[in-house]
Amino acid sequence: QVQLVESGGGLVQPGGSLRLSCAASGSDFKVNAMGWYRQDPGKERELVARINHGGSRDYSNFVWGRFTISRDNAKNTVYLQMNSLKPEDTAKYYCKMSDVYGVEYWGKGTLVTVSS
């Protein structure tokens, strides 16, 4: 019933910025929290940032102060503004949505590459 589509990834130089977007679509769902996770080959998927329906935000320590998560509830869309990007930020970034019943949905991911 739910599809998540990410966009905004690409190649950027160290110190640059990117803005990721994720839009949820479908029927018979009620969004609670939305967030961003990332994964490098050979590593576990890890939390980047998340935001609940009321706007409360959580950030992982390795991105705090550089990334900002926001959402537009009317559009069922979550954004991730990434500033001061580092090579170690290179990963595939996945959008995640949790509905009011705790069911989780994942997007297919968008690749972010930080390199000079």
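In what follows, the structure referred to is the one given above.
All values reported here derive from a predicted model rather than from experimental measurement.

(A) Looking closely at the packing of aromatic side chains. Following the criterion strictly, the structure yields one aromatic pair and no others. Here the aromatic rings of Tyr37 and Trp106 are separated by 5.1 Å at their centres, their planes lie at 65°, and the arrangement is edge-to-face. Taken together, the positions of Tyr37 in strand 4 (residues 31-39) and Trp106 in strand 10 (residues 104-106) put the pair 69 residues apart, joining distant regions of the chain. Classification of Tyr37 by relative accessible area gives buried; the value is 12%. Directly above the ring of Tyr94 sits Arg45, whose terminal nitrogen or CZ lies 3.7 Å from the centroid. Above the plane of the ring of Trp106 lies Arg45, whose end atom (NZ or CZ) is 4.7 Å from the centre.

(B) Quick peek at the state of the cysteines. Under the counting rule described, the total for this entry stands at one disulfide. Note that Cys22 is cross-linked by a disulfide to Cys95, the S-S spacing being 2.0 Å. Taking the torsion about the sulfur-sulfur bond, which here is approximately -85°, the covalent link between Cys22 and Cys95 counts as left-handed. Taken together, the residues span a long stretch of sequence, with Cys22 in strand 3 (residues 18-26) and Cys95 in strand 9 (residues 91-99) at a distance of 73 residues. Accessibility assignment for this pair places Cys22 and Cys95 in one class, buried.

The rules behind the values
Residues numbered from 1 in each chain as written. Predicted model: local features only at pLDDT ≥ 70, side-chain atom pairs only at ≥ 80, totals over all residues. Heavy atoms only, no water. Phe/Tyr/Trp six-rings, centres within 6.5 Å; stacked < 30°, edge-to-face > 60°. Helix = DSSP H or I, 4+ residues; strand = E, 2+ residues; numbered from the N terminus. Buried < 20%, exposed > 50% of the residue type's maximum accessible area, 1.4 Å probe, protein only. Lys NZ or Arg CZ within 6 Å of the ring centre and 35° of its normal. Disulfide = S-S within 2.5 Å.

On their own, these measurements won't tell you what the molecule is for.
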